[in-house]
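# Residue-level structural notes
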Amino acid sequence: ETMRNFLQELPKCEHHVHLEGTLEPELLFELAKRNNIVLPEQFPKSKAELTERYNNFADLQDFLDFYYIGTSVLLTEDDFFQLAWNYFERVAKNDGLAHTEVFFDPQSHTERGVSMDTVVKGFKRGCEKAEEELGISTKLIMCLLRHLPSSHGLETINQAEEYIVNGHIHALGLDSAEKPFPPELFVECYEKVKQLHGSINLTAHAGEEGDHTYITNSLDLLNVKRIDHGVNSIQSVELLQRLSDERILLSVCPLSNIKLQVFKELTQIPLLKFLEHDVPFSLNSDDPAYFGGYILDNYIAIHENFGFKIEIWEKIVKNSIHGSWCHQSRKDELL
Ligand code: ES4
Ligand code: ZN
């Protein structure tokens, strides 16, 4: 209990949460009803049934099949606002979250005829209300879906041009099925956003299912400055040294790794290796509505399995503040 309080009060920063992955079963069914969305015949019919199914993902693709069905109930600007606001309110109040950089997947909405404007305006309104009323800081990261062709990614960047130029979209990421869609397929997309906004931040999912070359190629070819997941970096000592030297933050997602069977047990997540090689990492929730826990649950699960002493927690929290993409003045407040 005192440990829970300690972890709750740490100035935590989240770098890896998909807003569509914060869609709780309750809101999913509510929006499906409100928007007259017919869910697939085999889709679980109740909250209890759905939650139960979420305990049995075979792998990343099995999860993604559910995730994209869930996404399909989001239609109006208010839906996107409500999704984001529910998440911000929950983690600000329950989890002691200070700063959060949230992913969204516009292509999973534009493909269904929902406009980029609807998506970004709804999420942006959620961010603004959270900053004003909850005192947390937020950033939006647009992700491209790597299972779609890069031409679709380029079109998506064009649709988002206004928001990339004005900074409402603060960073670019890359998600969805990692294999067989290596980073080199998206070089043009990363070059294009950099042209639109020279100081835009860049990240990519890499080394969750893909091997260490997915990480190295994301750094070399996409010029990303952060790696989402990145746990397969342990396959290469040279890479660990590089991540440490260049202060590349890995956004590690413990409960996600268990639910998607990346590791059998939390103790197998290579946090000790990262600490030993001084590789910066943060702890994150990924898709909290699907993986059974928000950011504090991830911190608690790691504490229960690693028993880190206070100095280690301070190091983890400091590294996640330093690796954040907020203004230096905000970092100084949190440090
Ligand atoms: C995701 Cl865990 C994970 N991996 C890749 N893409 C994703 N989108 C949402 N969650
Ligand atoms: Zn993710």
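Values in this document were obtained by computation on a predicted structure and should not be read as measured data. (Residues numbered from 1 in each chain as written. Chains lettered and ligands numbered in written order. Predicted model: local features only at pLDDT ≥ 70, side-chain atom pairs only at ≥ 80, totals over all residues.)

## Examining the overall build of the protein
Filter applied, for reference: Helix and strand labels come from DSSP, where a helix needs a run of H or I of at least four residues and a strand needs a run of E of at least two; each type is numbered from the N terminus. Radius of gyration: over C-alpha atoms. The globule rule applied is 2.2 Å multiplied by the number of residues raised to the 0.38 power. Counting other C-beta atoms within 10 Å of a residue's own tells you its class, since 20 or more makes it buried, 12 or fewer makes it exposed, and anything in between is partly exposed; those C-beta atoms are placed from the backbone. Whether two residues are in contact depends on their C-beta atoms, placed from the backbone: they are in contact if these lie within 7 Å.
For the protein, the helix and strand inventory stands at 18 helices and 8 strands. Here the C-alpha atoms of the protein give a radius of gyration of 19 Å, agreeing with the 20 Å that 2.2 N^0.38 yields for 335 residues. Projected onto its principal axes, the C-alpha coordinates of the protein cover approximately 50 × 45 × 40 Å. Here the protein holds 335 residues, and 47% of them are scored as buried. Long-range pairs, those at least 24 residues apart, make up 76% of the contacts in the protein between residues at least 6 apart in sequence.

## Notes on the UniProt feature "site: Important for catalytic activity" (unreviewed entry) in the protein
We apply this condition: UniProt positions are given in the numbering used here, feature names are shortened, and annotations may be inferred rather than shown by experiment.
In the numbering used here, UniProt assigns the "site: Important for catalytic activity" (unreviewed entry) feature to His 229. Turning to its location among the elements, His 229 is positioned in strand β6 (residues 226-229).

## Brief notes about unusual backbone geometry
Of note, the bond from Lys 179 into Pro 180 is cis; its omega dihedral lies within 30 degrees of zero at 0°. Position of Pro 180 relative to the elements: it lies in the loop between β4 (171-175) and α10 (187-196). Positive phi, close to 50°, is recorded for Asn 36, a residue that is not glycine. Relative to the assigned elements, Asn 36 resides in the loop between α2 (25-34) and α3 (47-53). Here Gln 261, not a glycine, exhibits a phi torsion of approximately 60°, which is positive.

## Description of the packing of helix α5 (residues 77-94) against helix α7 (residues 116-134)
Put simply, the rule is: Under this scheme, a helix contributes an axis fitted over its contacting stretch, all axes are lines through C-alpha atoms, and angles between N-to-C directions fall in the 0 to 180 degree range. Oblique is the label for any angle not under 35 degrees, not over 145, and not in the 65 to 115 range, which are roughly parallel, roughly antiparallel and roughly perpendicular in turn. Two helices cross in a left-handed way if the nearer one is turned anticlockwise from the farther one by less than a right angle. They cross in a right-handed way if the turn is clockwise. Residue type decides the class: Asp, Glu, Lys and Arg count as charged, Ala, Val, Leu, Ile, Met, Phe, Trp, Tyr, Cys and Pro as nonpolar, and the leftover types, Gly among them, as polar.
Look at α5 against α7: their axes get within 7 Å of each other, and the N-to-C directions meet at 30°. Taken together, α5 and α7 sit at an angle that is classed as roughly parallel. Note that α5 runs across α7; the crossing there is right-handed. Counted together, Glu 77, Asp 78, Asp 79, Phe 80, Phe 81, Ala 84, Trp 85, Phe 88, Glu 89 and Ala 92 of α5 and Thr 118, Val 119, Lys 121, Gly 122, Phe 123, Arg 125, Gly 126, Cys 127, Lys 129, Ala 130 and Leu 134 of α7 form the full contact between these two elements. Here the contact of α5 with α7 is built from residues that sort into 11 nonpolar, 3 polar and 7 charged.

## Notes on the pairing of strand β1 (residues 12-18)
This is how the line gets drawn: We treat two strands as partners when DSSP finds at least two bridges between them.
Of all 7 residues in β1, 7 are buried, a share of seventy percent or more. In terms of strand pairing, β1 meets strand β2 (residues 97-104) through 5 bridges, oriented parallel. Of the residues in β2, the one forming a bridge with Lys 12 is Leu 97.

## Quick look at the sheet that holds β4
Across the sheet, 8 strands lie side by side as β1-β2-β3-β4-β5-β6-β7-β8; this open sheet has parallel pairing. Only two strands of the sheet have a single partner each, and these edge strands are β1 and β8 (281-283). The average undirected angle you get between the axes of adjacent strands in this sheet is 25°. Running at roughly 165° to strand β5 (residues 201-206), helix α11 (residues 212-221) makes contact with β5 and β6 of the sheet.

## Notes on the nonpolar core
Short version of the rule: We call a set of buried Ala, Val, Leu, Ile, Met, Phe, Trp, Tyr and Cys residues a nonpolar core when their C-beta atoms link them within 7 Å.
Ranked by internal contacts, the top residues of the largest apolar core, which has 88 residues, are Leu 19, Ala 84, Phe 104, Phe 123, Leu 140, Met 142 and Leu 250. Leu 250 has contacts with Ile 227, Gly 230, Ser 233, Leu 243, Phe 274, Val 279 and Phe 281, leaving out every residue within four places of it along the chain.

## So, the UniProt feature "binding site: Zn(2+)" (unreviewed entry) in the protein
When the UniProt feature table is mapped onto this chain numbering, "binding site: Zn(2+)" (unreviewed entry) sits at His 16, His 18, His 205 and Asp 286. Spatially, the listed residues are clustered: although they cover 271 residues, their C-alpha atoms lie within 11.8 Å of one another. The topology assignment puts His 205 in strand β5. For His 205, a count of 28 C-beta atoms within 10 Å gives the class buried. Once residues within four sequence positions are removed from consideration, His 205 is found in contact with Gly 173, Leu 174, Asp 175, Glu 178, Asp 228 and His 229. Mapping Asp 286 onto the fold places it in the loop between β8 and α15 (288-291). On the basis of neighbour counts, which here come to 29 C-beta atoms within 10 Å, the residue Asp 286 falls in the buried class. When residues no more than four places from it in sequence are discounted, the contact partners of Asp 286 are His 16, Val 17, His 18, Gly 21, Cys 253, Ser 256 and Phe 291.

## Focus: α7
As a reminder, the rule being used: Expected helix span is given by 1.5 Å per residue-to-residue step, counting one fewer step than there are residues.
With 19 residues, α7 should reach 27 Å at 1.5 Å per residue; the first-to-last C-alpha distance of 26 Å fits that figure. The set of residues buried in α7 consists of Met 116, Thr 118, Val 119, Val 120, Gly 122, Phe 123, Gly 126, Cys 127 and Ala 130. Contacts from the buried residues of α7 go to α5, β2, α6 (107-110), β3 (137-145), α8 (150-159) and α9 (161-165). Following α7 by one or two positions, Gly 135 has its phi on the positive side, about 75°.

## Quick notes on the environment of Leu 271
Within the secondary structure, Leu 271 sits in helix α14 (residues 271-276). For Leu 271, a count of 23 C-beta atoms within 10 Å puts it in the buried group. For the pair formed by Leu 271 and Thr 22, sequence separation is 249 residues and the distance between their alpha carbons is 25 Å.

## A closer look at the pairing of β6
In plain terms, the rule: Every crossover in which the path from the first strand over the helix to the second runs clockwise, viewed with the strands pointing away from the viewer, is termed right-handed.
One ladder, built from 4 bridges, connects β5 with β6; its direction is parallel. Within the sheet, the bridge partner assigned to Ala 206 lies in β6 and is His 229. Pairing of β6 with strand β7 (residues 249-252), which is carried by 3 bridges, proceeds in the parallel orientation. Its bridge partner lying in β7, Ile 227 is registered against Leu 250. Tracing the backbone out of β6, into helix α12 (residues 237-245) and back to the parallel element β7 gives a crossover that is right-handed.

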